[in-house]
Amino acid sequence: MTLTTHATLGAVIGHTVGGPFLAFVFGFISHFLIDMVPHGDTGLADNYKIHKRNRKTALAYVMIDAVIAILFVLLLANTRDLISLRTFSWGIVGGVLPDLIVGVYEITKTPLLKWFNTLHFAFHDFFVKRKGDVPLYYALLAQVVLIAYLQTKL
Ligand SMILES: [Zn+2]
């Protein structure tokens, strides 16, 4: 999923649960569960990791995704009367942290994070490897609709 989707879902979870710790934990778990839904990025990831093609495209996708996520989170934080900015924030941290850890592993290849990378992609690829992926364009549109719905819950 896009970081914007993970961040928005994390924010809603944080907004819903009782405190910062639970916001973080449930945000973190939500990352793995929503990543299981096929979301069109297998081609990008395989090109990057396996075929070593179009790597700039994959990096640009991640950069654009990250900046949009930051801007969207700021938009939410500055336009809502949040009950707790703390739980909102920790939900977002939990929601996006798995992809940060995967990114650190991708750069460093440290054995310390190999298990986490394997776990992340066990969830991420669970249905995609069995049933195939969906076109990225439709997956992005679906995420825009999901985010539009989720932000109404804040
Ligand atoms: Zn992920």
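The structure this text deals with has already been given above.
Note that this is a predicted model, so its numbers are computed, not measured.

Moving on to the overall build of the protein. From N to C terminus, the protein includes eight helices and zero strands. Taken over C-alpha atoms, the radius of gyration comes to 15 Å for the protein, in line with the 15 Å a tight globule of 154 residues would show. Dimensions of the protein, computed from C-alpha atoms along their principal axes, come out at roughly 45 × 35 × 30 Å. Here the protein, with 154 residues, has 40% of them falling under the buried criterion. Pairs at least 24 apart in sequence give 79% of the contacts found in the protein among residues at least 6 apart.

Okay, the coordination of the zinc ion next. Protein-derived coordination of the zinc ion comes from His31 (NE2), Asp35 (OD), Asp99 (OD) and His120 (NE2), at a distance range of 2.1 to 2.2 Å. Around the zinc ion sit four donor atoms, and with donor-metal-donor angles ranging over 90 to 173 degrees the site reads as irregular. On the primary sequence, the residues serving as donors to the zinc ion are separated as H-x3-D-x63-D-x20-H. Of this pair, histidine 31 sits in helix α2 (residues 20-35) while aspartate 99 sits in helix α5 (residues 85-108), and the two are 68 residues apart along the sequence. Take histidine 31: its relative accessible area is 0%, and that puts it in the buried class. Judged by relative accessible area, aspartate 99 falls into the partly exposed class, the value being 21%.

To continue, consider helix α4 (residues 55-79). Its 25 residues give α4 an end-to-end C-alpha distance of 36 Å, which sits within 8% of 36 Å, the value for a rise of 1.5 Å per residue. Of all the positions in α4, only Ala58, Asp65, Ala69, Phe72, Val73 and Leu76 are classed as buried. The elements touched by buried residues of α4 are α1 (3-16), α3 (42-51), α5 and α8 (136-150).

Parameters and conventions
- Residues numbered from 1 in each chain as written.
- Predicted model: local features only at pLDDT ≥ 70, side-chain atom pairs only at ≥ 80, totals over all residues.
- Heavy atoms only, no water.
- Helix = DSSP H or I, 4+ residues; strand = E, 2+ residues; numbered from the N terminus.
- Rg over C-alpha atoms; globule rule 2.2 N^0.38 Å.
- Buried < 20%, exposed > 50% of the residue type's maximum accessible area, 1.4 Å probe, protein only.
- Contact = heavy atoms within 4.5 Å.
- Donors = N, O, S within 2.8 Å, 3.2 Å for Na, K, Ca; no water.
- Tetrahedral: all angles 85-135°; square planar, octahedral: opposite > 155°, others 65-115°.
- Expected span 1.5 Å × (residues − 1).

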